[in-house]
Protein chains: 2
Amino acid sequence: MIASADCARPPLTGQPISEAAAAGPARVFKALGDPVRFRLVSLIGARQGGEVCVCDLTSAFDLTQPTISHHLKILRESGLIESERRGTWVYYRLVPGALDRAAALLAVPRV
Amino acid sequence: MIASADCARPPLTGQPISEAAAAGPARVFKALGDPVRFRLVSLIGARQGGEVCVCDLTSAFDLTQPTISHHLKILRESGLIESERRGTWVYYRLVPGALDRAAALLAVPRV
DNA sequence: CCACTGAATCGACATCCGTCGATGAATCGC
DNA sequence: GCGATTCATCGACGGATGTCGATTCAGTGG
């Protein structure tokens, strides 16, 4: 009530977004906000067949296997990718529609 | 060269993304990856007229003015928003097309 | 010229985060 | 059952990050 009263602007249109509603999107974009993780998503998405085994992902970076595993976990917990174990190997793929839903969050309102 | 040879998968299609090319997108998504900053973008984008003065943004959060200013700076440096001073107040608006370009980065290749 | 208001910058601090080496769990082949 | 391989988890460490109070800068109006 201090400053905003003097600014005298029209009220915000629509419902801008609640504090709670921002947590989910922020989590997804935070997951994408690391160069390694963004490249991981790119590598997985670019693979024809849609599946990549961890060993291929690890070899694509100059990082240790635990570090890659850590980033994959964050991406998994954000809902962007999912994994499946087949025999010795674990395969990662994009969750269908997850990236599209994230992109839809960036649609500018009122345009 | 250790593990990837044994995995024997088809090569990645397209150009997945280089290490350098991931830095830019990661910077943008990192900026969006904070609940406060995501709400700031939402608040600015939802405002009809497209401009919001800092005082309104500050009053929308339970945070101090320097903290909001800090987040605005990060969003500005990521290229998502821009500011203009008019008299006593500073107005922020979305950079036209910036959110759309960010959303386009999430398009799944090969689909 | 000076007080006042709005906003950015600075310095400090606690916490989070990315990375590593070491270890553990799951699976396969022999 | 045993060793080898793939991947996840754990513990630790250094650097980045979000937040604050205090200060400084910019612009307005007496």
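Here the structure is a predicted model, which means the values were calculated and not measured. (Residues numbered from 1 in each chain as written. Chains lettered and ligands numbered in written order. Predicted model: local features only at pLDDT ≥ 70, side-chain atom pairs only at ≥ 80, totals over all residues. Heavy atoms only, no water.)

Details of the pattern of salt bridges
Pairs can form between side chains of opposite charge once their charged atoms are near each other.
Residue and element names in this part refer to chain A.
For step 1, the next point in the chain: Summed over the entire model, instances satisfying the criterion amount to 12 salt bridges over all chains.
For step 2, the next point in the chain: A salt bridge links Asp-56 to Arg-47; its shortest N-O distance comes to 2.8 Å.
For step 3, the next point in the chain: On the accessibility criterion, Asp-56 (14% relative accessible area) is buried.
For step 4, the next point in the chain: Here Arg-47 falls in the buried class, since its relative accessible area comes to 5%.
For step 5, the next point in the chain: Across the pair Arg-86 and Glu-51 runs a salt bridge, and its minimum N-O distance is 2.8 Å. Taken together, the positions of Arg-86 in strand β2 (residues 81-86) and Glu-51 in the loop between α3 (35-46) and β1 (52-53) put the pair 35 residues apart, joining distant regions of the chain.
For step 6, the next point in the chain: A relative accessible area of 35% places Arg-86 in the partly exposed class.
For step 7, the next point in the chain: When its relative accessible area of 15% is taken as the criterion, Glu-51 is described as buried.
For step 8, the next point in the chain: Residues participating in the shared-partner salt-bridge network are Glu-51, Glu-82, Glu-84, Arg-86 and Arg-93. (Salt bridge = Lys/Arg side-chain N within 4 Å of Asp/Glu carboxyl O. Buried < 20%, exposed > 50% of the residue type's maximum accessible area, 1.4 Å probe, protein only. Helix = DSSP H or I, 4+ residues; strand = E, 2+ residues; numbered from the N terminus.)

What to know about the packing of aromatic side chains
For step 1, the next point in the chain: Going through the model one piece at a time under the given rule, you end up with 3 aromatic pairs over all chains.
For step 2, the next point in the chain: Joined through ring pairs, the aromatic side chains of Phe-29 and Phe-38 of chain A together with Phe-29 and Phe-38 of chain B make up one cluster.
For step 3, the next point in the chain: One cation-aromatic arrangement involves Arg-39 of chain A over Phe-61 of chain A; the distance from NZ or CZ to the ring centre is 4.7 Å.
For step 4, the next point in the chain: The aromatic ring of Tyr-91 of chain A is capped on one face by Arg-86 of chain A, whose charged end is 4.4 Å from the ring centroid. (Phe/Tyr/Trp six-rings, centres within 6.5 Å; stacked < 30°, edge-to-face > 60°. Lys NZ or Arg CZ within 6 Å of the ring centre and 35° of its normal.)

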